[in-house]
Amino acid sequence: MTRRLVVVTGAVTVVLLAAFWFGAWSPASRQLKAVHVQLATAHQDQAQLRDKVVTLTSAHRHIAALRSDLAALEAAVPSSPALDTAVDQLAAASAASGVTLPSVTPSPPSSASSSAAPAAKAGGPQSITVGLNVVGGYAQTVAFVNRLEASPRLFVVDGVTLTPGGGVGGAVSATVNTQMFYVAPAPAAPAAVVGSKK
């Protein structure tokens, strides 16, 4: 009787353990493993998102620098002659240098390329020659030329001719020949005629 009771008790225990394993522990273990997998995936996604944020931040800074460079380039070589802006910059440079500009003489625009007619027709770099009459001291005249070359608008100084003025303080009269540029936009392509017949 005692032996049978032990056998029955052992069998019941095995059945209960098996029921617990298949009914509770095994599903919970599988769910726990699934949670661990999901957690590892979430950590991986978080790391990838962090890398993307770093990349986008760097790209944003690069775009800001490119926009600044583009703005400087458009100021140096605009899309139109912009003579009023150029004259303002010349006046500012002369005032800051302590010289006067009795005359500013721009020429009509011409193509900056070797083949003038095709470039002017298709759009491209155009140059404007500007003759400047500068009156002031020698040091002030040199400072004016330096400021001219450092202006936002691109001025290329082709030559400087100095003439002693004989005034107080060693004033001189200088003829400064410069070039400035702009990019003429290309003309719009003609619209295609649809359905035309000869």
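Residues numbered from 1 in each chain as written. Predicted model: local features only at pLDDT ≥ 70, side-chain atom pairs only at ≥ 80, totals over all residues. Heavy atoms only, no water.

## Looking at the overall build of the protein chain
Along the backbone of the protein chain there are four helices and five strands. Helices (α) and strands (β) of the protein chain occur, in sequence order from the N terminus, as α-α-β-β-α-β-α-β-β. Nonlocal contacts in the protein chain, meaning residues at least 24 apart in sequence, comprise 68% of its contacts between residues at least 6 apart. Surface accessibility of the protein chain: about 13900 Å² in total, with carbon and sulfur atoms responsible for 66%. (Helix = DSSP H or I, 4+ residues; strand = E, 2+ residues; numbered from the N terminus. Contact = heavy atoms within 4.5 Å. Areas by Shrake-Rupley, 256 points an atom, 1.4 Å probe, with all protein chains shown as cover.)

## Some details on a nonpolar patch on the surface
There is a patch of nonpolar side chains on the surface, built from Y138, V142, V160 and L162 and spanning about 350 Å² of accessible area. Where the nonpolar patch is concerned, the elements lending two or more residues are α4 (138-149) and β4 (155-164). With a relative accessible area of 40%, L162 lands in the partly exposed category. (Patch = residues over 30% accessible without salt bridge, like charges linked within 9 Å, V, L, I, M, F, W, Y side chains within 5 Å. Salt bridge = Lys/Arg side-chain N within 4 Å of Asp/Glu carboxyl O. Buried < 20%, exposed > 50% of the residue type's maximum accessible area, 1.4 Å probe, protein only.)

## Describing the confidence of the model for the protein chain
Within the protein chain, residue pLDDT values average 78, and 69% of them lie at 70 or more. Segment residues 114-121: pLDDT under 50, and seven contacts once partners within four positions in sequence are set aside and those in other chains are kept. (pLDDT = per-residue confidence, 0-100.)

## Concerning α4
End to end, α4 covers 17 Å across twelve residues, agreeing with the expected 16 Å (1.5 Å per residue, within 8%). Buried residues along α4 sit against α2 (83-97), β1 (100-106), β3 (125-137), β4 and β5 (171-183). (Expected span 1.5 Å × (residues − 1).)

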